[in-house]
Amino acid sequence: SDVLALTGIEKTYNRGEPGQIDVLRGLDLAVGRGEVVALVAPSGAGKSTLLHIAGLLDTPDSGSVTLNGADLTGQRDMVRTIARRRDLGFVYQFHHLLPEFSAAENIILPQLANAVPEKRAAARAAELLERVGLKDRAGHRPAELSGGEQQRVAFCRALANQPALLLADEPTGNLDPETSDKVFAMLMSLVRETGLSALIATHNLDLAARMDRTVRLEQGRLVAA
Ligand code: ADP
Ligand code: ADP
């Protein structure tokens with residue numbers, strides 16, 4: 001079964017006004033279990049709109065959203081929020097770590113929000129930091145880490161609650177090419193080791209080529225690339 005299934009997704013902004021924009025026009029996407037899909041989209045094509053809908057942060061005008069077996073179409077905000085916290089991990093171009101907390105605390109906090117006991121959350125944070133080679137950085141605040149290290153902590157945070165699906169938007173987009181390459185390789189091995197499914201938006205075709213397949217957002221729909 002698919003981890004994420006979007007079917008017939010339509011999204012229009014400014015409906016009925018002169019500035020009406022039909023961003024998504026019957027878009028379909030299925031991400032299978034353990035599958036890593038690259039999303040390529042020219043600027044303005046609707047990448048953010050798509051990721052917000054897949055991330056349960058926005059709702060489509062029509063179409064259905066099924067995540068990890070649950071049809072979330074038309075569900076109340078609370079149901080969607082619970083599904084988001086339980087089943088999704090997010091990584092952005094910028095790390096968005098909490099500046100006043102340490103690397104480890106940034107990974108512990110989302111687990112506490114999911115009612116994971118503190119000891120177990122701390123053990124999980126330590127394990128994840130070790131996997132990305134940052135065991136000795138656990139007590140550092142984000143400002144004390146390099147850009148690549150900050151992004152590695154952000155990956156750990158995204159995986160903290162063992163989500164079914166990782167949604168990433170240019171996860172290494174603010175790093176220099178060499179660091180981006182290394183950090184991306186680390187993300188991919190984390191994803192592969194845990195059998196995680198992922199939808200990763202990128203402009204970098206070399207990175208896209210390392211994923212299972214690539215889809216391109218074109219005129220409101222996805223086409224194989
Ligand atoms: P991308 O992330 O690919 O650049 P977006 O999903 O942000 O694209 O936006 C797609 C189109 O929809 C753009 O033309 C954008 O200006 C428009 N758009 C996005 N959000 C809104 C909004 N809240 N209201 C009106 N237009 C919007
Ligand atoms: P990079 O070579 O990856 O750009 P930096 O030169 O920024 O890394 O940092 C090198 C090392 O020094 C990193 O491992 C980082 O954790 C550490 N570091 C950087 N800035 C600080 C700081 N303000 N306080 C403590 N450690 C820091």
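The structure displayed is predicted, hence computed values, not measured ones.

1. Here's the deal with the sheet that holds strand β9 (residues 213-218)
Two strands in a sheet stick together by hydrogen bonds in their backbones, pointing the same way (parallel) or opposite ways (antiparallel).
Next up, step 1: Reading across from one edge, β6-β7-β8-β3-β9-β10 is the order of the 6 strands in this open sheet, with mixed pairing throughout. Because the sheet does not close on itself, it has two edges, and the strands there are β6 (88-91) and β10 (221-224). Between one strand axis and the next, the sheet turns through 25° on average, direction left out of account.
Next up, step 2: Bridge analysis of strand β3 (residues 36-40) against strand β8 (residues 197-201) gives 4 bridges, and the strand direction is parallel. For Ala38, the partnering residue across the bridge sits in β8 and is Ile200.
Next up, step 3: Seen against the sheet, helix α5 (residues 147-159) touches β6 and β7 (165-169) and runs at an angle of roughly 165° to β6.
Next up, step 4: With respect to the sheet, helix α6 (residues 177-194) is in contact with β3, β7 and β8, its orientation differing from that of β3 by roughly 140°.

2. Concerning the sheet that holds strand β1 (residues 2-13)
Next up, step 1: Strand order in the open sheet formed by 4 strands is β2-β1-β4-β5, and the pairing between neighbours is antiparallel. Strand pairing shows two members of the sheet lacking a second neighbour, β2 (21-32) and β5 (70-71), which therefore form its edges.
Next up, step 2: As paired strands, strand β4 (residues 62-67) and β5 are joined by 2 bridges and run antiparallel to one another. For Thr66, the partnering residue across the bridge sits in β5 and is Asp71.
Next up, step 3: Against the sheet, helix α1 (residues 47-54) engages β1, β2 and β4, with an angle of about 130° to β1.

3. Side note on the nonpolar core
Next up, step 1: If you look at the biggest cluster of nonpolar residues, it comprises 38 residues, and the most contacted ones within it are Ile107, Leu129, Val153 and Leu166.
Next up, step 2: For Ile107, the contacting residues outside a window of four places in its chain are Ala125, Leu128, Leu129, Val153, Cys156, Arg157 and Ala160.

4. Quick look at the UniProt feature "domain: ABC transporter" (unreviewed entry) in the protein
Next up, step 1: The UniProt feature table records "domain: ABC transporter" (unreviewed entry) at residues 4-225.
Next up, step 2: Secondary structure across residues 4-225 comprises 36% helix and 27% strand; the distance between its end C-alpha atoms is 19 Å.

5. Digging into the environment of Ala41
Next up, step 1: Along the chain, Ala41 falls in the loop between β3 and α1.
Next up, step 2: For the pair Ala41 and Glu127, spaced 86 residues apart in the sequence, the C-alpha separation amounts to 34 Å.

6. Overview of the site of ligand 2
Next up, step 1: Every residue near ligand 2 is listed here: Arg137, Ala143, Glu144, Leu145, Ser146 and Glu149.
Next up, step 2: Between ligand 2 and Arg137, the relevant distance is 2.6 Å, taken from an oxygen atom to a side-chain nitrogen or oxygen of the residue.
Next up, step 3: Protein contact buries 38% of the 550 Å² of open area that ligand 2 shows by itself.
Next up, step 4: Across the shell around ligand 2, the residue classes break down as 2 nonpolar, 1 polar and 3 charged.

7. Concerning the packing of aromatic side chains
Next up, step 1: A complete count under the given rule lists 1 aromatic pair for this structure.
Next up, step 2: Consider the rings of Phe90 and Tyr92, whose centres lie 6.2 Å apart with planes at 5°: the pair is stacked.
Next up, step 3: By relative accessible area, which is 19% here, Phe90 ends up buried.
Next up, step 4: Owing to a relative accessible area of 34%, Tyr92 belongs among the partly exposed residues under this scheme.

Rules of the game
- Residues numbered from 1 in each chain as written.
- Chains lettered and ligands numbered in written order.
- Predicted model: local features only at pLDDT ≥ 70, side-chain atom pairs only at ≥ 80, totals over all residues.
- Heavy atoms only, no water.
- Pairing = 2+ DSSP bridges.
- Helix = DSSP H or I, 4+ residues; strand = E, 2+ residues; numbered from the N terminus.
- Axes fitted to C-alpha atoms, helices over the stretch in contact; angles between N-to-C directions.
- Contact = heavy atoms within 4.5 Å.
- Core = buried A, V, L, I, M, F, W, Y, C linked by side-chain atoms within 4.5 Å.
- Buried < 20%, exposed > 50% of the residue type's maximum accessible area, 1.4 Å probe, protein only.
- UniProt positions renumbered as here; feature names shortened; annotations may be inferred.
- Near = heavy atom within 4 Å.
- Polar contact = N/O pair within 3.5 Å; in protein donor to acceptor, adjacent residues only side chain to side chain.
- Areas by Shrake-Rupley, 256 points an atom, 1.4 Å probe, with all protein chains shown as cover.
- Nonpolar A, V, L, I, M, F, W, Y, C, P; charged D, E, K, R; others polar.
- Phe/Tyr/Trp six-rings, centres within 6.5 Å; stacked < 30°, edge-to-face > 60°.

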